[in-house]
Amino acid sequence: MNKKDFWIALLAGLAAMVLWWQIAPRFFHTPPQQPTEQTAPPDAESPATTTQPDVPITQASGEHAPVTTTQSQPEVSAAAELKAFKPGDAQLNPDLTLGSVDRPDDRKASYFWMSATIDPAGASVARVELTDHYRTPARKEHYAVLGPELDAGLPAHALATEQVVIDGVKVSLNGDVWGVVSRSAVADGKEQSVTLATEIRSEAARILRIEKTWALAKDTFELQMRLTLVNDGGRERQVSVSSTGLPTLEQEGEQRDERMVFWGELAKDHQTATVKPKSRSDVIKESEKDLKLGGTHDETGLVWAASANRFFVAAIRPLDPRQSPADLTFYARRLGSDAAKDRFEICFTSSAMTLAAGKSETLAFSNFIGPKDRDLFSTVDAYKAMNYSELIQYGSCCCAGNLRWLVNVLLWLLDVLFLVVHNYGIAIMILVAVVRILLHPLTKKSQITMARMAKMGPKLEEIKKKYTDKSEQQKAMAEFYREQGFNPALGCLPMLLQMPIWIALWGGLNSAIELRHAPFFGWINDLSAPDGLWAWTTPDRAAHIPMLGPVYALNLLPILLMIAMFFQQLLTPKPTTGPQAKNQKFLMYFMTVFFGLIFYTLPSGLTLYVMASTAVGVGEQYVIRKHIREQEEAEARGEGPAGQRRAAAEKAKASRQPIRDRRRR
């Protein structure tokens, strides 16, 4: 294969790969599945009625009522009917919000990074809003990582205690209202907490009290949860508890559904976690029944589980999981029956705990609910041990996930440039220029090789016509290359060395949360979304067009990209005659239109990166072509290494001519 054929094949392969990457998710959706009955945690049953009178609890969090003796409290058999009740004097407060989304004027002061609204129904998390992140670039509504309106009416409140099993008797807590036992705030308001409680009774006897404490501190995305089970009966009992976990997060962007489930399993060193990802579509496909994530701690060392989208994550992590009094099993449960729109939730259940009379056990969890922040995940020791940085997926572009170190270096350089120019769009353009300058020697070598290859086209065609045998043809071409001092491999090598850098930049820019709602100029106010010069509808009502994806606005950057690519193709050295010239002309028009269509609905930050690279490439090719002309003029005068090689080859050829003439005579 000659040089031009190689480039045509390479570009066609890349085009096919990009085409498949773009249109496959749009045409090959997960097939709709038949509606299935809502699966509950293991051994779940319908909610119990709550008609018996309340028994008061007057203690604050952590203070348990005296245990009734066996003489005054009747013994309850395992077959007795158990029901849940709200403590009699517990308060019902509709506003159970920890933290705040109000940021102080003093930028150096500590503040709450989020607010968490607790719902007495199941003592669950109803809503979590982030202080420094917003739903739209207008920055009027704070971004809700968790919220009931995000789940289209599905029962997906996070971390609701939904079932307890006492000596084999199942008690459903679905929808039960817990009472507020206490609220507190530490000195200087650095932490806020609330404790809720419910009781399990049989007739007049209180069998079990369950207390759940939520706590939120400033300068953290961690929402702490402590679930305490107190045996108020007169004998030892076996108790297990089940809870909903974390629901599917909202999809970020209309281009691709990047919602996933992650979990971390304890590595062999028992110090770090190995991260296992699974896409939303795979979870929906595999979770007609509960999809187990990993296994018990003794089997796989599962140490956390998370639900994530493109930029945000909600992760639940048992504290000291290997020292926990109960093994925990995490699983994904499907919500709904429409495979295209289905959501899921990550739940957990404990194995049976042995509770002696009057004793208690506590399950403690730390829930990270916030952005996928590279700096945060790489600086906090707990996050490094849990390997949270793997939550940031760079692998949507080719093999960018295998170039994580290079992606991090380039994004670090992007952040440094942003500190100087205070605009991520300008920082991207500068970064592209820096990378192009660093790679200029390789690009120059490649362009010179291509130019020389184009000029050799007629001679190579003569050799192909003269030698029909492939081996003879290759020998003649190799001899011709030696005479010209030319190595065709040098044209491919520079491009191959540059590709990892472009792939790493692509993957990093597509996943960097810094670009979310980052403005460039004018109408471009979100580098993580298409530029949308003129929108005629909203993204959720976009028309899905083959090769384009969701279209709801006129995007100008892809059009400018096509113009820049057209001029770059004009300056690219190419054959002037023969079938290769025709192929190159077709390829020029095809690739220009093809990439314009592909980039039409991609994030404007990616389009800006490619357009800036193309524009810099046009200028770079102009400089290189000028150098090539000067080099050719020098060769014609017999100057320079190439000119000297050509003169030497002509002299050697002339010296061999008399010998051949004498042999003929």
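This structure is a prediction, so every number in the text was calculated from the model and none was measured.

Caption draft 1: Just the overall build of the protein chain, in detail. For the protein chain, the helix and strand inventory stands at 15 helices and 25 strands. Here the protein chain holds 665 residues, and 50% of them are scored as buried. Of the contacts made within the protein chain by residues no fewer than 6 positions apart, 70% connect residues no fewer than 24 positions apart. Working note: accessible area of the protein chain is about 31,300 Å², and carbon and sulfur atoms make up 57% of it.

Caption draft 2: Quick look at helix α10 (residues 470-484). Taking 1.5 Å per residue as the helical rise, α10 with its 15 residues ought to reach 21 Å, and the 21 Å between its terminal C-alpha atoms agrees with that figure. Turning to α10, its buried residues are Gln473, Ala476, Met477, Phe480 and Tyr481. End-on, the buried residues of α10 take up no more than an arc of 140 degrees, which puts them together on one face. Exposed residues pointing more than 90 degrees away from the buried face of α10 are listed as Gln474, Lys475 and Arg482. Elements that come into contact with the buried residues of α10 comprise α8 (440-455) and α9 (457-466).

Caption draft 3: View of unusual backbone geometry. With a phi close to 50 degrees, aspartate 167 is a non-glycine residue in the positive phi region. Here aspartate 167 is to be found in the loop between β6 (161-166) and β7 (169-172). Since its relative accessible area comes to 21%, aspartate 167 is described here as partly exposed. Of note, the phi angle at aspartate 219 is positive, near 60 degrees, even though the residue is not glycine. Turning to its location among the elements, aspartate 219 is positioned in the loop between β10 (205-217) and β11 (222-231). Given a relative accessible area of 36%, aspartate 219 falls into the partly exposed group.

Caption draft 4: A look at the packing of α8 against helix α14 (residues 604-636). Interhelical geometry of α8 versus α14 gives an angle of 55 degrees and a closest axis separation of 10 Å. Classified by the interaxial angle, the pair formed by α8 and α14 is oblique. The crossing of α8 and α14 is right-handed. Taken together, the residues of α14 that come into contact with α8 (itself represented by His440, Thr443, Lys444, Gln447, Ile448, Ala451 and Lys455) are Glu620, Gln621, Ile624, His627, Ile628, Gln631 and Glu632.

Caption draft 5: Here's a closer look at the packing of α8 against α9. Between α8 and α9, the least distance of the axes is 4 Å, while the angle of their chain directions is 55 degrees. With respect to α9, the element α8 is oriented oblique. In this structure, α8 uses Met453, Ala454 and Lys455 to contact α9, whose residues at the interface are Gly457, Pro458 and Leu460. A class-by-class count of the residues in the contact of α8 with α9 yields four nonpolar, one polar and one charged.

Caption draft 6: The arrangement of the pattern of salt bridges in detail. One pass over the full model with this rule turns up 21 salt bridges. The residue aspartate 167 makes a salt bridge to arginine 237 at a minimum N-O spacing of 2.9 Å. Of this pair, aspartate 167 sits in the loop between β6 and β7 while arginine 237 sits in strand β12 (residues 237-247), and the two are 70 residues apart along the sequence. A salt bridge links glutamate 620 to arginine 436; the nearest nitrogen and oxygen atoms lie 2.6 Å apart. Of the two residues, glutamate 620 is situated in helix α14 and arginine 436 in helix α7 (residues 424-438); the sequence distance between them amounts to 184 residues. When sorted by exposure, glutamate 620 lands in the same class as arginine 436, which is buried. One salt-bridge network, in which partners are shared between bridges, spans Glu199, Arg201, Arg206, Arg209, Glu211 and Asp232.

Caption draft 7: Region of interest: empty space enclosed by the protein. Scanning the entire structure with this criterion turns up seven cavities of 30 Å³ or more. Roughly 90 Å³ of volume is contained in the largest cavity. Along its surface, the largest cavity is lined by 13 residues, and Gln255, Arg256, Glu258, Asn510 and Pro603 are the ones closest to its centre. Broken down by class, the residue content of the lining of the largest cavity amounts to five nonpolar, three polar and five charged.

Caption draft 8: Structural view of the sheet that holds strand β4 (residues 124-134). One open sheet accounts for four strands, arranged β2-β3-β4-β5; its pairing is antiparallel. Two strands lie at the open edges of the sheet, namely β2 (97-99) and β5 (142-146), each paired on one side alone. The sheet shows a mean angle of 25 degrees between the axes of neighbouring strands, direction not considered.

Caption draft 9: Structural context of the nonpolar core. By size, the foremost hydrophobic cluster in this structure holds 126 residues, and its most contacted members are Trp214 and Trp304. A total of seven residues in this core trace back to one element, the largest contributor, which is helix α11 (residues 489-511). Those residues within four positions of tryptophan 304 in sequence are excluded, and the remaining contacts are Phe262, Trp263, Gly264, Ala273, Val275, Ile316, Arg317, Pro318, Met386, Tyr388 and Leu391. Met456, Ala476, Met477 and Tyr481 belong to the second largest nonpolar core, which has eight residues in total.

Caption draft 10: Focus on the environment of arginine 541. Mapping arginine 541 onto the fold places it in the loop between β22 (534-535) and β23 (543-545). The spacing of arginine 541 and glutamate 254 is 287 residues in sequence and 9.9 Å in space, taken between C-alpha atoms.

Parameters at a glance
- Residues numbered from 1 in each chain as written.
- Predicted model: local features only at pLDDT ≥ 70, side-chain atom pairs only at ≥ 80, totals over all residues.
- Heavy atoms only, no water.
- Helix = DSSP H or I, 4+ residues; strand = E, 2+ residues; numbered from the N terminus.
- Buried < 20%, exposed > 50% of the residue type's maximum accessible area, 1.4 Å probe, protein only.
- Contact = heavy atoms within 4.5 Å.
- Areas by Shrake-Rupley, 256 points an atom, 1.4 Å probe, with all protein chains shown as cover.
- Expected span 1.5 Å × (residues − 1).
- Arc of directions from axis to C-beta.
- Axes fitted to C-alpha atoms, helices over the stretch in contact; angles between N-to-C directions.
- Parallel < 35°, antiparallel > 145°, perpendicular 65-115°, else oblique.
- Left-handed = near helix turned anticlockwise from the far one by under 90°.
- Nonpolar A, V, L, I, M, F, W, Y, C, P; charged D, E, K, R; others polar.
- Salt bridge = Lys/Arg side-chain N within 4 Å of Asp/Glu carboxyl O.
- 1 Å grid on protein atoms, 1.4 Å probe; cavity = no way out; pocket = protein on both sides within 12 Å on 5 of 7 lines; lining within 4 Å.
- Points joined across faces, edges and corners; volume = space filled by probe spheres on them.
- Pairing = 2+ DSSP bridges.
- Core = buried A, V, L, I, M, F, W, Y, C linked by side-chain atoms within 4.5 Å.

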